[in-house]
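Inside the fold
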Amino acid sequence: MTRPTRAAAHSPAPRPDTAETWPAPVARGPVRGDVRLPGSKSLTNRHLVLAALADGPCVLHGVLESRDTALMRTALTALGARFEPLSDGGLRVHPMPVGEPLAGDVAVDCGLAGTVMRFVPFVAALRPGRVRFDGDAGARLRPMAPVLDALRQLGVAVVEEGEPGRLPFTMTTRADAAPVAPDGDVPEVAVDASGSSQFLSAALLAAAGMPRGLRLRHTGEAVPSPEHVAMTVGVLRALEVDVTETGPGAWTVAPGRVPAHEAAVEPDLSNAGPFLAAAVATGGSVTVPDWPTRTTQIGDRWRRILPQFGASVALTVDRTDRSRGRLTVTGAVHDDGTPRITGAGEIADTAELAPTAAALALLASGPTRLTGIGHLRGHETDRLAALTAEAARLGITVDEGETALGFPGTDASGPLSPAALETYHDHRMATFAAVVGLRVPGTGIVDVATTAKTMPDFPALWTALVAPGDAAEETR
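Please read these numbers as outputs of a predicted model, since none were measured by experiment.

1. Quick notes on the UniProt feature "active site" (unreviewed entry) in the protein chain
The positions UniProt marks with the feature "active site" (unreviewed entry) are Glu 352. Apart from the residues lying within four places of it in its own chain, the contact partners of Glu 352 are His 228, Ser 270, Ile 298, Leu 376, Arg 383 and Arg 428.

2. Some details on unusual backbone geometry
Backbone phi values are negative for most residues with the exception of glycine, while trans is the configuration of most peptide bonds. Residues Leu 167 and Pro 168 are joined by a peptide bond in cis, for which omega reads -5 degrees. Within the element layout of this structure, Pro 168 appears in the loop between strand S8 (157–160) and strand S9 (169–173). Within the chain, Ser 225 stands out as a residue other than glycine whose phi angle is a positive 50 degrees. By secondary structure assignment, the location of Ser 225 is in the loop between strand S11 (214–219) and helix H6 (226–238).

3. Points about the UniProt feature "binding site: 3-phosphoshikimate" (unreviewed entry) in the protein chain
Under the UniProt annotation, the feature "binding site: 3-phosphoshikimate" (unreviewed entry) is placed at Lys 41, Ser 42, Arg 46, Ser 196, Ser 197, Gln 198, Ser 225, Glu 352 and His 379. Those annotated residues that line the second largest cavity are Glu 352. Mapping Lys 41 onto the fold places it in helix H1 (residues 41–52). Residues in contact with Lys 41, not counting those within four places in the same chain, are Leu 64, Asp 68, Thr 69, Thr 115, Asp 268 and Thr 454. In this structure, Gln 198 sits in helix H5 (residues 198–207). Gln 198 gets classed as buried once you look at its relative accessible area, which sits at 14%.

4. Thoughts on the sheet that holds strand S21 (residues 405–407)
Read from one edge of the open sheet, four strands run S18-S19-S21-S20, paired in mixed fashion. Here the strands that pair on one side only, and so sit at the sheet edges, are strand S18 (345–348) and strand S20 (399–400). Strand direction decides the pairing type here: strand S19 (residues 368–371) and S21, joined by three bridges, are antiparallel. If you follow Leu 370 over to S21, its bridge partner there is Leu 405. Across the sheet, helix H9 (residues 354–363) is in contact with S19 and S21; its angle to S19 comes to roughly 165 degrees.

5. Side note on empty space enclosed by the protein
It is a probe the size of a water molecule, rolled over the atoms, that shows where empty space is left. Counted under the stated rule, the structure contains two cavities of 30 Å³ or more. Top element by residues in the lining of the largest cavity is helix H12 (residues 427–437). It accounts for three residues. Taken together, the residues of the lining of the largest cavity sort by class into three nonpolar, five polar and one charged. Here the second largest cavity defines a volume of roughly 30 Å³. As for the second largest cavity, its lining consists of Ser 270, Pro 274, Trp 302, Glu 352, Leu 353, Thr 356, Arg 428 and Thr 431. Of the residues that constitute the lining of the second largest cavity, the class distribution is three nonpolar, three polar and two charged.

About the cut-offs
Residues take numbers from 1 onward in each chain, read along the sequence in its written order. pLDDT decides what is reported in this predicted model: residues at 70 or higher carry local features, side-chain atom pairs at 80 or more are listed and counted, and totals for whole chains, interfaces and linings draw on all residues regardless. Only hydrogens and water are set aside when side-chain values are computed; all heavy atoms of the structure are taken into account. UniProt positions are given in the numbering used here, feature names are shortened, and annotations may be inferred rather than shown by experiment. Note on definitions: a residue-residue contact is assigned when non-hydrogen atoms from the two residues lie within 4.5 Å. A run of H or I in DSSP becomes a helix once it reaches four residues, and a run of E becomes a strand once it reaches two; helices and strands are each numbered from the N terminus. Think of a 1 Å grid over the protein atoms and nothing else: a 1.4 Å probe that fits but is trapped marks a cavity, an open set flanked by protein within 12 Å on at least five of seven lines marks a pocket, and residues with an atom within 4 Å of a point count as lining. Only protein chains enter the calculation, and the probe is 1.4 Å; a residue is then buried if its accessible area is under 20% of its type maximum, exposed if over 50%, and partly exposed in between. DSSP bridges decide pairing: two strands pair if at least two such bridges lie between them. Whenever a helix is involved, its axis is fitted only over the stretch in contact; in every case the axis is a line through C-alpha atoms, and angles between N-to-C directions fall within 0 to 180 degrees. Grid points are joined across faces, edges and corners, and a volume is the space filled by probe spheres set on the points. Polar here means any residue other than Ala, Val, Leu, Ile, Met, Phe, Trp, Tyr, Cys and Pro, which are nonpolar, and Asp, Glu, Lys and Arg, which are charged; Gly is therefore polar.

Dropping the structure here:
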């Protein structure tokens, strides 16, 4: 995996010799249109896990088809679940035999999916046997120590085969381990989730299949992306799993299997970001239908982030179904009709939305500072270092702190220079580059195919929205 440096002043990182560069479409004027998004990756993988732990077959609608969700399905299949596509586009999930010993050793490929490498070990602990976990080279750099420590607290044996606290590792669950043993006290686990909310979500999801339930407690500093923990708890409760918050950062999941159910996955609001940002960057207007009026997705923060860049945001609630509506973002313009992107000042806790916010910050006239994002150093790549390095390719110096990024704004830095931007096998770095490319002709995206992690059709969807003439030409 290509990685950015961690120095304060970054030189451009080397790019793979075999990576192709995609010319980022340039907006010829204000971008206008509707964008219907695929299902949320975060919700899809949570629903897949819970359907695999249910007490009978389940049917899921709106499931995202992407690399991350394919890796999750493959992992759950290896643990005994079965997936049956339906003619109406739904997916029937036949659950795994929770509690029964595995027929033999199992190997799980995590790819670069955080949900697979963090969620599935706890699921694997629900069947006695031995399971080995590994993934892409980049996955071996992502923190896993809290997961491994929690498994050991539950009586699961873990052998680390590489760098401590990282992939690869092999776990062995005995029949008397807490996740599968029917008798005894309610098991308790303490997890330091200050590096990723996934560490908590992983334990909460699997607790729905534990015969004695689970008491879970967060230790350490604040949890990044708390919406994702709320999302997990919300999905569990919607499926009639008894989850009680017993104090700040503490939960109890009562014993009892997930009932057989039917569920629909919301659109991916995080992936809405680049498309909504296109309206801001070009002074246009973009609408996303079926936006949930109440949601735990972190992407709902776009409604308050984008106005800080000068845009207007309106949610029109559906008259027949008040659980959803049409979210429209309209970018500001100067008197001459050219886009007006104001510096946003400080924006705290953007989490996975940071790369798209960073793209707008580079295009904005005034300064922007993204704070409280230090945990992004442990994502698909060190995103703070990556954004700083790619800004340098564009001729812009970013003030990189340990947990924050400061952007000067074009009034101070001058215009951006075109460049071929590296993606580091990170889908959000690819969409960051696409937003920049709207206003910087000659921008290239190295390995745009990495967007398949969460949105396989991104290049086509993007071109159809921002350069529809180019999209039509490609189909001839």
